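So you can see what is in the structure, the chains are spelled out below.
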Amino acid sequence: MEKIKKLFPLKVLSLLFEILLKTSGKLFYLSFKVSNGGPATQFKFLKHSSFVQRTDELANQTLVFHLEGALLKSCSQFPYFMLVAFEAGGLFRALILLLLYPLVLLVGRESGLRILVFVSFVGVRKDKFRAGTAILPKFFLEDVGCEGFDMVMGYKRKVAVTGMPKIMVEGFLRDYLGIDAVVARELKEFRGYFLGLMEEKMDAGLVINQKMSTHNSGLGCFRKSHDLKIFSHCKEIYLVTEAEKKNWQVLPRKRYPKPLIFHDGRLAFRPTPLAALVMFIWLPFGFFLNITRTIIFISLPYELSIPLLALSGLLTTISEAEPPVASINGVKKPGGVLYVSNHRTLLDPLYVTKVLMKSVSAVTYSISRFTEVISPIKTVQLTRDREKDGKMMKKLLSQGDLMVCPEGTTCREPYLLRFSALFAEITDEIVPIAIKLQVSMFYGSTASGLKCLDSTFHLMNPNPMCLVKILHKLPSWQTHNAGRKSRFEVANHVQNEIAKALGFECTDLTRKNKYAILAGNEAIV
């Protein structure tokens with residue numbers, strides 16, 4: 001009874017100050033001091049700018065912050081569980097989670113969280129679960145607020161506290177923010193499968209002993225995180241209101257502590273309850289649209305297919321296109337032209353074919369048998385044997401034009417992976433092509449999912465847009481055979497030209513790096 005009497009003034013003051021702050025246009029944080037885990041005895045306002053200016057003072061302190069309350073703009077956990085349900089459990093599990101959302105709102109925060117965890121995780125194999133490191137970090141980064149980020153990163157040591165299961169957040173917090181420790185509940189498992197239940201207690205004891213300093217600060221949100229017991233070890237606690245969090249600016253990509261280059265999963269949007277509902281309503285129409293677009297791609301001539309595809313919402317923009325000439329210094333060369341492109345989706349060769357208005361063969365490093373059968377153009381899979389692949393590409397070039405994506409795999413973000421130099425040895429007739437793709441609902445690529453569904457998911461988007469830039473053919477002095485350039489110099493030059501045309505950044509990362517991060521294997525698919 002005494003504890004209730006002590007906590008009552010704190011809750012009343014919290015509500016009072018929150019009402020006052022909602023009417024203010026300035027960004028204030030409420031600070032209160034605690035003594036021996038007791039209730040607050042002093043209240044004071046602290047401006048965000050004043051907080052950030054205390055960098056030197058905070059350098060040797062430890063910050064304990066609530067992930068949802070202090071770092072992310074949105075306090076809703078539903079989108080992250082929907083991502084887990086859809087990507088790890090499938091469409092039917094995601095639908096069940098959406099239908100249960102009204103119940104989640106009615107039963108209260110803790111019971112609602114247990115429902116979200118159970119539906120999302122029950123029956124999922126632990127060794128196959130990659131969403132925490134391959135999918136969720138992108139969506140967490142896109143929800144980080146600049147103001148919260150400034151405060152969290154101002155401390156030397158940082159401990160994150162969250163109500164979500166540890167397996168969902170640890171990859172993001174450690175790999176992208178450099179958080180020292182994560183306090184969260186583990187999931188129960190049985191014979192390698194998640195039971196959909198969380199441990200009752202967080203693993204806070206070890207964190208407190210190892211990561212805490214003599215002066216610890218807490219950072220949370222009103223009525224969201226100040227009741228967590230771990231904050232009782234902090235001398236000062238700063239709270240931000242939900243109303244002010246809505247005015248936070250999203251952390252821009254250039255300020256990410258670590259570049260976001262690779263991520264997996266099919267969903268290209270943040271699946272809030274409303275957005276998820278729209279997706280499920282769209283699915284029947286999207287599947288019909290996928291069939292229609294596939295038939296148009298396969299059966300109709302280029303002159304008819306391009307306008308019909310545009311009417312269906314699939315837009316292709318051509319920039320600076322020049323009719324390539326298979327010659328060097330006016331001398332006609334036998335064979336075709338080698339089109340070298342960055343890789344965004346399995347349908348890249350089809351987009352280029354439509355733009356060029358002629359059939360172009362394609363070689364690829366990985367393609368499903370289903371996709372190879374229905375492809376309207378000749379598609380050949382590479383063996384990763386340099387000698388065999390070189391002979392095959394020369395043979396295809398002797399029969400006509402050929403397209404290759406030397407990255408060896410797709411990359412969704414504005415980066416280019418390292419180009420394999422094999423194409424530079426094959427011919428000097430090289431035309432770089434830059435491709436930029438924009439989708440609104442589904443990604444048409446995957447590292448750990450079913451590749452036979454790549455084209456299906458891409459064509460189910462309401463209005464996918466593709467920009468194709470046909471660049472100048474390489475001059476003779478920039479080639480391997482005639483210009484005496486090394487094959488690596490040619491590959492790097494083509495990569496730089498494509499990156500410059502798209503405004504992308506070149507990297508030295510390869511297909512193996514991507515699959516090691518996203519799928520945990522040696523690029524074997």
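Residues numbered from 1 in each chain as written. Predicted model: local features only at pLDDT ≥ 70, side-chain atom pairs only at ≥ 80, totals over all residues. Heavy atoms only, no water.

S.K.: Explain the layout of surface pockets here, please?
M.R.: Vacant regions in the atomic arrangement are exposed by a probe of water-molecule size rolled over the atoms. Within this model, the second largest pocket holds a volume of roughly 690 Å³. As for the second largest pocket, its lining consists of 26 residues, of which Glu 87, Ala 88, Lys 128, Ser 448 and Gly 449 are closest to the centre. Of all elements in the fold, only helix 5 (78-89) and helix 9 (131-134) reach the threshold of two or more residues within the lining of the second largest pocket. When its residues are assigned to classes, the lining of the second largest pocket shows 13 nonpolar, 6 polar and 7 charged. (1 Å grid on protein atoms, 1.4 Å probe; cavity = no way out; pocket = protein on both sides within 12 Å on 5 of 7 lines; lining within 4 Å. Points joined across faces, edges and corners; volume = space filled by probe spheres on them. Helix = DSSP H or I, 4+ residues; strand = E, 2+ residues; numbered from the N terminus. Nonpolar A, V, L, I, M, F, W, Y, C, P; charged D, E, K, R; others polar.)

S.K.: Explanation requested: the side chain of Ser 455 in the structure shown.
M.R.: As for its position among the elements, Ser 455 is in helix 21 (residues 454-459). By relative accessible area, which is 8% here, Ser 455 ends up buried. (Buried < 20%, exposed > 50% of the residue type's maximum accessible area, 1.4 Å probe, protein only.)

S.K.: Help me out: how do you make sense of the packing of aromatic side chains in this one?
M.R.: Each aromatic ring pair is described using two quantities: the centre-to-centre distance and the angle formed by the ring planes. Evaluation of the coordinates by the stated rule reveals 8 aromatic pairs. Ring geometry for Phe 140 against Phe 172: centres 5.0 Å apart, planes inclined by 25°, an arrangement best described as stacked. Residue Phe 140 is found in helix 10 (residues 136-141), and its partner Phe 172 is found in helix 12 (residues 166-177); the two are separated by 32 residues along the sequence. In this structure an aromatic cluster arises from ring pairing among Tyr 80, Phe 140 and Phe 172. Taking NZ or CZ as reference, Lys 258 lies 5.1 Å from the ring centre of Tyr 176, over its face. Positioned above the aromatic ring of Tyr 443 is the side chain of Arg 412, whose terminal nitrogen or guanidinium carbon lies 4.0 Å from the ring centre. (Phe/Tyr/Trp six-rings, centres within 6.5 Å; stacked < 30°, edge-to-face > 60°. Lys NZ or Arg CZ within 6 Å of the ring centre and 35° of its normal.)

S.K.: Please clarify how the nonpolar core should be interpreted in this entry.
M.R.: Looking at soluble globular proteins, one finds that nonpolar side chains tend to be buried together. By size, the foremost hydrophobic cluster in this structure holds 77 residues, and its most contacted members are Phe 65, Phe 81, Phe 121, Met 168, Phe 172, Leu 173 and Phe 442. Considering each element in turn, this core owes the most residues, 8 residues, to helix 5. Residues within four places of Phe 172 in sequence aside, it is in contact with Leu 67, Gly 132, Pro 137, Phe 140, Leu 141, Val 144 and Leu 177. Counting residues in each nonpolar core, the second largest holds 30 residues, with Val 340, Val 404, Leu 416 and Ile 426 among its members. (Core = buried A, V, L, I, M, F, W, Y, C linked by side-chain atoms within 4.5 Å. Contact = heavy atoms within 4.5 Å.)

S.K.: Help me understand helix 19 (residues 386-399), please; the structure alone is not making it clear to me.
M.R.: Side chains of residues three or four places apart in an α-helix project in the same direction, reflecting 3.6 residues per turn. When the terminal C-alpha atoms of helix 19 are compared, their 20 Å separation across 14 residues agrees well with the 20 Å that a helix rising 1.5 Å per residue should span. Residues of helix 19 that are buried in the fold lie against strand 13 (338-341), strand 14 (361-364), strand 15 (379-381), strand 16 (402-404) and helix 20 (422-426). If you check the start of helix 19, you find a side-chain oxygen 3.1 Å away from the backbone N of Glu 387, and it comes from Asp 385. Count one or two residues on from helix 19 and you reach Gly 400, which has phi positive near 160°. (Expected span 1.5 Å × (residues − 1). Polar contact = N/O pair within 3.5 Å; in protein donor to acceptor, adjacent residues only side chain to side chain.)

S.K.: Please explain unusual backbone geometry as it appears in this structure.
M.R.: Keep in mind that most residues, glycine aside, have a negative phi and that most peptide bonds are trans. Positive phi outside glycine occurs at Arg 191, with the angle close to 55°. Relative to the helices and strands, Arg 191 is located in the loop between strand 6 (187-190) and strand 7 (193-198). Residue classification places Arg 191 among the exposed positions, given a relative accessible area of 75%.

S.K.: Looking at this structure, I do not really get the sheet that holds strand 13. What am I missing?
M.R.: With respect to topology, 7 strands assemble into an open sheet ordered 10-19-18-13-16-14-15, the strand pairing being mixed. The open sheet has two edge strands, strand 10 (315-319) and strand 15, and neither has a second partner. On average, each strand axis in the sheet is tilted by 25° relative to the strand beside it, whichever way the strands run. In this sheet, strand 15 lies alongside strand 14 in parallel orientation, the contact comprising 3 bridges. Bridge pairing in strand 15 links Val 363 to Val 380. (Pairing = 2+ DSSP bridges. Axes fitted to C-alpha atoms, helices over the stretch in contact; angles between N-to-C directions.)

S.K.: Just checking my understanding: could you explain the packing of helix 6 (residues 91-99) against helix 15 (residues 273-299) for this structure?
M.R.: Between helix 6 and helix 15, the shortest axis-to-axis distance is 11 Å and the interhelical angle comes to 130°. Between helix 6 and helix 15, the angle is such that the two are oblique. Regarding helix 6 and helix 15, the two cross each other, and that crossing is left-handed. Here Leu 91, Ala 94, Leu 95 and Leu 98 of helix 6 lie close against helix 15, whose contacting residues are Pro 273, Ala 276, Leu 277, Phe 280 and Leu 283. (Parallel < 35°, antiparallel > 145°, perpendicular 65-115°, else oblique. Left-handed = near helix turned anticlockwise from the far one by under 90°.)

Purely geometric stuff here, so don't read any function into it on its own.
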